Amino acid sequence: LVGGIHKTIASLHLERWRTDMKDEINRIHQILLDTHSFYLTGTIQRWIGSVIHKIEHYKVEHQEVLKEATTLLELALWKANLDGNVGGILEQTEVRTTRRQLKRARKEKCVTSGASIVIKNVLPFL
């Protein structure tokens, strides 16, 4: 259990979260010194509940950060693909481009941007 918690804490995205969790875990030393033996079991149970609550909160926040990073990466890939290809494709047709054609071409580039492959391989490193 202890190794698992430390591994989870080490994987948290922000240093502030890691520091807060380490401080919370280290707080048990002071709690043990300040608590009468009669109340020790209940006090330790409340401390464990506090640690679990905080780690769950930070895990949810971590998932939100990953979701946002994934979205930004997908949009950046799509934009890079659009900047390099949509105009060229439409210009090659030598036909007056309508908004509908441009919208269709943009949608096509979104689907074929390769973002799903890139994100799948980048996400484990975030």
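Only a predicted model underlies this, so the values are computations on that prediction, with no experimental measurement involved. (Residues numbered from 1 in each chain as written. Predicted model: local features only at pLDDT ≥ 70, side-chain atom pairs only at ≥ 80, totals over all residues. Heavy atoms only, no water.)

A. Here's a closer look at the overall build of the protein. What the protein contains, in helices and strands, is 5 helices and 0 strands. By the burial criterion, 21% of the 126 residues in the protein qualify as buried. Of the contacts made within the protein by residues no fewer than 6 positions apart, 62% connect residues no fewer than 24 positions apart. (Helix = DSSP H or I, 4+ residues; strand = E, 2+ residues; numbered from the N terminus. Buried < 20%, exposed > 50% of the residue type's maximum accessible area, 1.4 Å probe, protein only. Contact = heavy atoms within 4.5 Å.)

B. Main features of the nonpolar core. Core analysis: the largest hydrophobic core is formed by 11 residues, namely Ile9, Leu12, Trp17, Met21, Ile25, Ile28, Ile31, Trp47, Val51, Ile55 and Tyr58. For this core, the elements supplying multiple residues, two or more each, are α2 (15-34) and α3 (40-92). For this core, the leading source of residues is α2, giving 5 residues. (Core = buried A, V, L, I, M, F, W, Y, C linked by side-chain atoms within 4.5 Å.)

C. Spotlight on the confidence of the model for the protein. On average, residues of the protein score 77 in pLDDT, and 67% of them reach the 70 mark or higher. Per-element mean pLDDT across the protein ranges from 66 in helix α5 (residues 115-122) up to 89 in α2. (pLDDT = per-residue confidence, 0-100.)

D. Layout of the pattern of salt bridges. In total, this model carries 6 salt bridges according to the counting rule given. Here Lys54 makes a salt bridge to Asp20, at a shortest N to O gap of 3.2 Å. You can see Lys54 sitting in helix α3 and its partner Asp20 sitting in helix α2, a full 34 residues away along the chain. Exposure remark for Lys54: the relative accessible area of 24% places this residue in the partly exposed category. By relative accessible area, Asp20 is classed as partly exposed at 23%. Residue Glu24 is joined to Lys54 by a salt bridge in which the shortest nitrogen-to-oxygen separation is 3.5 Å. Within this pair, whereas Glu24 is found in helix α2, its partner Lys54 is found in helix α3, the two being separated by 30 residues in sequence. Several salt bridges converge on common partners, so that one network encompasses Asp20, Glu24, Arg27 and Lys54. (Salt bridge = Lys/Arg side-chain N within 4 Å of Asp/Glu carboxyl O.)

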